[in-house]
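Listed below are the residues making up each chain.
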Amino acid sequence: MRRTAHRFLMTVAFCAAAGTASAQGHLRIGIGDDPDVLDPTLSRTYTGRIVFASICDKLFDIDEKLTVVPQLALGHETSADGKTVLIKLRPGVKFHDGEPFDAAAAKYSLERHLNMKGSFRKPEIGIVESVDVVDPLTVKLNLKQPFSPLLAQLTDRAGMMVSPKAAEAAGDKFGLKPVCAGPYKFVERVQQDRIVVEKFADYWNKDQVFIDKITYLPIVDTTVRLANLRSGGIDLTERILATDIPTVRADPKLKLANSVSLAWFGLMINQENGPKSNNPLGKDPRVRRAFELALDRDAINQVVFNGEFVPGNQWVSPQSPYYQKDFPIPKRDIAKAKALMKEAGITGKLTLDYMVNNAPESRAIAEVVQSLVAEAGFDLKLRVVEVATALKAGEDGDFQVYALTWSGRSDPDGNSVVFQTCGAPQNMGKYCDKELDGWHQEARAATDLEARKAIYRKITERFLDKGWIFYLYHPQNLATHTVRLEGFRPVPDGLLRVVGLKLK
């Protein structure tokens, strides 16, 4: 890995020096890992969402203030009973293969998200019972019950539209050459090396697309990403290390664009997913409580992130209107943790498999957590795995503790349901509480903020006590770019929006 990273650094530095004049229309973006499949129905990775921001427009988007704004849709109307949503579509939109985007295409894309085998979008919009074409530019979504988070879900992959013609022809291979309606069209992908996209001449908002070509370069090592940025090998990167903020601020050639993220980072405990769940941490709530009491979220923030991040114990940050102040971050209490371990019959060290994504901050967090919980009698054996491999291992139950970041959604539903409800696709620990599932449905049906917050209070109380995730913190989005790049807008979801960007 070190040799590969060094070779990459040398290569892009040479290209930058040799071809500066020809690179004015070429934006090079460093991303933290190689995305999984580039199919919006099947995708799961955060870096996949970053790439989709250039190739797959959505029905709606969010702005800097988390307001839902039109993208491929022009607007919507919700019926008085909340069970019907009319969406008016933007005229004159084309897919990258030249096919028109219309109501029939929108119906196809939404039904693909709902019905395709292996879809990760179905839990997000599964409340949609059927989709009707009202006229060429209007679709009607018929809901099983009122669903407050619907528009928020349609600002992400569930709202991405794909070309029916291309999707039908490619079948389950669509992700190898996605065809959407975004500002850039897919050109090529070399696994673990690059993803290349080019400006789409018939984009509906082409007057705001100023860069001809974008290359996404997966560089796992954050230090190498920053070095490439400083040397001119790349122009923009997501997620620098918090400890590198002083370096960026001191460099006149760089700009930091930060915002508090919608994301959360948590430790996931395998409770019921296969043989590896059969251990005291997975089965005994006293042991899980001891584990959490051995954690120190403030210490993790200070040691790993120079205090720049936001410690938290919920799936929304303390800045969210849905944050539950009645359940503050628990204080570290080693004496109580040891007492609970003794009560659970554990007198020696409890050895556990701790799966960690192969990224510098993930490894640093793991080492701090390992040290903290060791004082309470836990012996965590770190297993560092590439992101896509770790996700598959998580699905298969090949973990006892798994560190994961969820990139966050603008509505709290998008940060919770896919992890907390029975059988949900991200519920890799197989936690299941039917009563909690019912509360989530109530929260989805409620439209008033205070009413929803009261329901989330019940969910929070139950899940923090019985659930399978220890939430640790909410990151800052730390996108960094050269001063040559103009027009970058930081948005709390952390995605790198490319419309409006210019290279000087």
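The structure under discussion appears in the preceding block.
None of the values given here were measured: they were computed from a predicted structure.

*Asks:* Explain the packing of helix α15 (residues 413–420) against helix α17 (residues 449–466) to me, using residue names and the numbers behind them.
*Replies:* Contact geometry for α15 and α17: axes closest at 13 Å, N-to-C directions at 40°. Classified by the interaxial angle, the pair formed by α15 and α17 is oblique. The handedness of the crossing between α15 and α17 comes out as left-handed. Of α17, the residues touching α15 (which contributes Asp413, Ser416 and Gln420) are Arg452, Tyr456, Ile459 and Phe463. Considering only residue class, the contact of α15 with α17 consists of three nonpolar, two polar and two charged.

*Asks:* Residue-level account of the packing of α15 against helix α16 (residues 434–445), with values.
*Replies:* Running from N to C, α15 and α16 cross one another at 155°; their axes reach a closest spacing of 11 Å. As the angle between them shows, α15 and α16 are arranged roughly antiparallel. α15 and α16 meet at a crossing whose hand is left-handed. On α16, the residues touching Asp413, Ser416, Val417 and Gln420 of α15 are Leu436, Asp437, His440 and Arg444. Taken together, the residues of the contact of α15 with α16 sort by class into two nonpolar, three polar and three charged.

*Asks:* Give me the lowdown on empty space enclosed by the protein, citing residues and values where you can.
*Replies:* For the coordinates displayed, the defined rule picks out six cavities of 30 Å³ or more. There is about 700 Å³ of room inside the largest cavity. Every residue lining the largest cavity is counted, 37 residues in all, and those nearest its centre are Asp33, Tyr46, Arg239, Ser362 and Thr405. Looking at the lining of the largest cavity, the elements with two or more residues in it are α2 (46–55), α7 (222–231), α13 (360–374), α14 (387–395), β17 (401–406) and β19 (476–482). No other element matches the five residues that β17 contributes to the lining of the largest cavity. Taken together, the residues of the lining of the largest cavity sort by class into 19 nonpolar, 13 polar and five charged. Taken together, Arg49, Ile62, Thr155, Asp156, Leu262, Gly408, Arg409, Ser410, Asp493 and Arg497 form the lining of the second largest cavity. Taken together, the residues that form the lining of the second largest cavity break down as two nonpolar, three polar and five charged.

*Asks:* Give me the pattern of salt bridges: which residues, what numbers.
*Replies:* Taken as a whole and assessed by the stated rule, the structure comprises 42 salt bridges. Ionic pairing is found between Asp61 and Lys58, a salt bridge with its closest N-O pair at 2.9 Å. Exposure remark for Asp61: the relative accessible area of 8% places this residue in the buried category. Among the salt bridges present, the one from Arg444 reaches Asp413, with a minimum N-O distance of 2.7 Å. A residue pair is termed long-range when its members are at least 10 positions apart, and Arg444 in helix α16 and Asp413 in helix α15 qualify at 31 residues. The class of Arg444 is buried, set by a relative accessible area of 5%.

*Asks:* Describe the side chain of Glu292, with residues and values.
*Replies:* Note that Glu292 resides in helix α10 (residues 285–293). Sequence-distant contacts of Glu292, that is, excluding residues within four places in its chain, are made with Arg297, Pro330 and Phe470.

*Asks:* Mind laying out the sheet that holds strand β12 (residues 254–260), listing which residues take part and the relevant values?
*Replies:* With respect to topology, seven strands assemble into an open sheet ordered β8-β9-β10-β1-β11-β19-β12, the strand pairing being mixed. The sheet terminates laterally at β8 (184–190) and β12, the two strands that pair on one side only. Relative to β19, β12 is paired through seven bridges, and the arrangement is antiparallel. When the sheet's bridge partners are listed, Ser259 is paired in β19 with Asn477.

*Asks:* Any details on the sheet that holds strand β15 (residues 350–357)? Residues and values, ideally.
*Replies:* Pairing is mixed in the open sheet, where six strands are placed in the order β14-β18-β13-β17-β15-β16. Looking along the sheet, the strands with just one partner apiece sit at the ends: β14 (310–311) and β16 (378–385). Looking at chain direction, strand β13 (residues 264–269) and strand β18 (residues 469–474) are connected through four bridges and run antiparallel. Directly across from Phe265, in β18, lies its bridge partner Tyr473.

*Asks:* Before we move on, can you summarise the environment of Glu442 with the specific residues and values?
*Replies:* Mapped onto the elements of the fold, Glu442 is located in helix α16. Beyond its immediate chain neighbours, meaning those up to four positions away, Glu442 contacts Ile455 and Lys458.

*Asks:* Which residues make up α14, and what values do they have?
*Replies:* The set of residues buried in α14 consists of Val387, Ala390, Leu391, Ala393 and Gly394. The arc that holds the buried residues of α14, viewed along the axis, is 165°, so those residues lie on one side. In this fold, the buried residues of α14 make contact with β15, β16 and β17.

*Asks:* Could you give me a rundown of the environment of Arg239, with the residues and numbers involved?
*Replies:* Tracing the sequence through the fold places Arg239 in the loop between β11 (236–237) and α8 (245–250). Taking the C-alpha atoms as reference points, Arg239 and Met268, 29 residues apart in sequence, are found 22 Å from one another. Once residues lying within four places of it in the same chain are set aside, the contact partners of Arg239 are Gly32, Asp33, Tyr46, Thr47, Thr222, Arg225, Leu478 and Ala479. Here Glu238 takes part through its side chain, which lies 2.4 Å from a polar atom of the side chain of Arg239.

*Asks:* Residue-level account of the layout of surface pockets, with values.
*Replies:* Quantified by volume, the second largest pocket comes out at close to 640 Å³. Together, 30 residues line the second largest pocket, and Tyr322, Ser410, Asp411, Pro412 and Arg452 are the ones closest to its centre. Among the elements of the structure, β4 (73–78), α5 (150–153) and α17 are those that each provide at least two residues to the lining of the second largest pocket. Residues of the lining of the second largest pocket, tallied by class, amount to 16 nonpolar, eleven polar and three charged.

Analysis parameters
- Residue positions are counted from 1 within each chain, in the order its sequence is given.
- pLDDT decides what is reported in this predicted model: residues at 70 or higher carry local features, side-chain atom pairs at 80 or more are listed and counted, and totals for whole chains, interfaces and linings draw on all residues regardless.
- Side-chain numbers come from the whole structure's heavy atoms, not from hydrogens or water.
- The axes used here are C-alpha line fits, helices contributing only the stretch in contact, and every angle between their N-to-C directions lies in the interval 0 to 180 degrees.
- Numbered from the N terminus, helices here are DSSP runs of H or I no shorter than four residues, and strands are runs of E no shorter than two.
- Just so you know how the angles are binned, under 35 degrees is roughly parallel, over 145 roughly antiparallel, 65 to 115 roughly perpendicular, and the rest oblique.
- Each crossing gets its hand from how the near helix is turned against the far one by less than a right angle, where anticlockwise is left-handed and clockwise is right-handed.
- By the convention used here, residues are in contact when the closest approach between their heavy atoms is within 4.5 Å.
- Lys, Arg, Asp and Glu make up the charged group, whereas Ala, Val, Leu, Ile, Met, Phe, Trp, Tyr, Cys and Pro make up the nonpolar group; the residues left over, Gly among them, are polar.
- Here a cavity denotes grid points, spaced 1 Å and computed from the protein atoms alone, that fit a 1.4 Å probe unable to get out, and a pocket denotes an open set having protein on both sides within 12 Å along at least 5 of 7 lines; residues with an atom within 4 Å of a point are the lining.
- Grid points are joined across faces, edges and corners, and a volume is the space filled by probe spheres set on the points.
- Criterion for a salt bridge: a side-chain nitrogen of Lys or Arg within 4 Å of a carboxyl oxygen of Asp or Glu.
- For the exposure calls, accessible area comes from a 1.4 Å probe over protein chains only, and a residue counts as buried if that area is under 20% of its type's maximum, exposed if over 50%, partly exposed in between.
- One bridge is not enough; two strands pair if DSSP finds at least two bridges between them.
- Directions drawn from the helix axis to the C-beta atoms are what define this arc.
- Any pair of nitrogen or oxygen atoms within 3.5 Å is treated as a polar contact; in protein, a donor-acceptor pairing is required on top of that, and neighbouring residues in sequence qualify only through side-chain atoms on both sides.

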